[in-house]
Amino acid sequence: MTAATVHLMSRDTQWDAARRLGLTVGDEILDGGSAARVFRATGTDGADVALKVLTADAGLVDGHDLDSFLGKLRQLSWIRAGDETLAARCLPVLHAVRGPGWAAYTTPFYESVDSAASLRLGPDCGAFFDLQAGLVKDLIVYGYGQAVAPVGPDFLTSAMVDRIPRRWPVLRAALPAEVLDADPLVVNGVPCVNPKRMLAGLTDLPRPWWTRLAPPRLMFPAHGDLNTRNVLVGADGFRLIDPRGATAWWDPVYDLAKTLFSLTVWDPALRLGAHVRRDGGGWLAGFRQPVYPGYAAAARLFIDRLRAMPALAALFGDDPHWVDRLLWAHALHTLAEAPCRLSDRKPRHDPAGRPIAPEELALCHFLLGTLLLNDLAGSAGDVDAGSHLALVAGTLPTP
Ligand SMILES: Nc1ncnc2c1ncn2[C@@H]1O[C@H](COP(=O)(O)OP(=O)(O)OP(=O)(O)O)[C@@H](O)[C@H]1O
Ligand SMILES: [Mg+2]
């Protein structure tokens, strides 16, 4: 895919931004997972930057909108004011500009690969978990753990559940009603309660085990969107980019679940393609090729490796339900990502060069999220993490 082809996709605000910042725009970087567009660009001093531009098109989900985009700058300045060790791990914003209906910022270009790259080479997870140990320690000791705040009674609902009904109209506009309204919705042979009804039942009349899952306190908003592509690994270690864009107090479990979700569903679907087809009265959902063995192995080991990290053991010492909460956050991320896939219009291709449509990705996330949520709700707080994650991490292509 050449940069020139991609530039035809939407209003090319990157040229306005580049002119105002004195940049020469190079290739587009297609690794991001949102409506924002990122280009490698060169300044008049010869140094390369990443130029990130967002146009406020209609139909963007919350989190991919202009306010969240600008919120990232506010959050980064909070992190800078908070702790210099964590700040040094975050790529700094060099310049920010706004135009009519768009905003852009630059960060120094960092030669790197995403944090899951080592897992695509084979089943060995050693390098990945070495990286996680350093990352989690820095984020906890110098980030989340640097300050705490009381948690309100509705945190789980407002931070994790409410985004799903809020984004439902985006799904309605693109996904078939026979899927969105099915109740039961049969996914990979399992009859599931429709996720909207299931979540409404859970939060309108919270079950005791749901209430128990809440974190005992909130912590400093150290990131908020810790997917594997937001951690860049270079010759001198790693850098964080692209925080959530919120300065509200936060639950680190949300971020750990984002990393796990990157391994089980999100990154495999974006790289390998989603495969969804009808199966009698229900649906089969999976990927076009078997998931990378390294991803499947890392997903299987993820929770045990987290438990063994001293910084996490200290953080969660009085939070006995953090693993169950992590599994709920993982399932809710999977479902909530379905509408996000629809506002990311970047061209994507599977390893055989076949296009991957946003609608296919959205449907796959919706179906797998429904399956995961139903599995958790059915177990009423007593979950076996291994067999639960195997529902998606072991998903093979459907014939
Ligand atoms: N400074 C940088 N140096 C090298 N690569 C970068 C840099 N900034 C971004 N990238 C690459 O571009 C990708 C997308 O950037 P980024 O994560 O900021 O956007 P996004 O995920 O699309 O947007 P959103 O902010 O809406 O979540 C990154 O995953 C990374 O591969
Ligand atoms: Mg990103």
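Parameters at a glance
Residues numbered from 1 in each chain as written. Chains lettered and ligands numbered in written order. Predicted model: local features only at pLDDT ≥ 70, side-chain atom pairs only at ≥ 80, totals over all residues. Core = buried A, V, L, I, M, F, W, Y, C linked by C-beta atoms within 7 Å. Buried ≥ 20, exposed ≤ 12 C-beta atoms within 10 Å, placed from the backbone. Contact = placed C-beta atoms within 7 Å. Pairing = 2+ DSSP bridges. Helix = DSSP H or I, 4+ residues; strand = E, 2+ residues; numbered from the N terminus. Axes fitted to C-alpha atoms, helices over the stretch in contact; angles between N-to-C directions. pLDDT = per-residue confidence, 0-100. Near = placed C-beta within 6 Å. Nonpolar A, V, L, I, M, F, W, Y, C, P; charged D, E, K, R; others polar. Domains from an automatic or database assignment.

- Going by an unreviewed UniProt entry, the protein carries the name Phosphotransferase enzyme family protein and comes from Actinoplanes regularis.

Description of the nonpolar core
And step 1. Ranked by internal contacts, the top residues of the largest apolar core, which has 94 residues, are Ala269, Tyr295, Ala299, Cys364 and Leu367.
And step 2. If we ignore the near neighbours within four places in the chain, the residues touching Leu367 are Val187, Val276, Trp283 and Ala285.
And step 3. Among the nonpolar cores identified, the runner-up in size contains 17 residues, and Ala35, Phe39, Ala41 and Ala103 belong to it.

Considerations on the sheet that holds strand β1 (residues 24-29)
And step 1. Here we have five strands laid out as an open sheet, ordered β1-β2-β3-β5-β4, and antiparallel in their pairing. Both edges of this open sheet fall to β1 and β4 (95-99), since each of them pairs with a single strand only. On average, adjacent strands in this sheet sit at an angle of 25° to one another, irrespective of strand direction.
And step 2. Bridging between β1 and strand β2 (residues 37-42) involves four bridges; their strand directions are antiparallel. Counted as the bridge partner of Ile29 is Val38 from β2.

Considerations on the confidence of the model for the protein
And step 1. When pLDDT is averaged along the protein, the result is 91, and 94% of the positions lie at 70 or above.
And step 2. Within the model, the stretch residues 1-10 combines pLDDT values under 50 with eleven contacts to residues more than four positions away or in other chains.

Examining the pairing of strand β12 (residues 237-240)
And step 1. Strand direction decides the pairing type here: strand β11 (residues 231-234) and β12, joined by four bridges, are antiparallel. Bridge pairing in β12 links Val233 to Phe238.
And step 2. What sits between β11 and β12 in their antiparallel hairpin is a turn of two residues.

A short note on the site of ligand 1
And step 1. Among the 22 residues in the neighbourhood of ligand 1, the closest are listed as Asp31, Gly32, Ser34, Ala50 and Asp242.
And step 2. Breaking the shell around ligand 1 down by element, the ones donating at least two residues are β3 (48-55) and β5 (102-108).
And step 3. Of the residues belonging to the shell around ligand 1, the class tally is ten nonpolar, seven polar and five charged.
And step 4. The residues that make up the shell around ligand 1 include at least three from each of domain 1 (3-108) and domain 2 (113-393).

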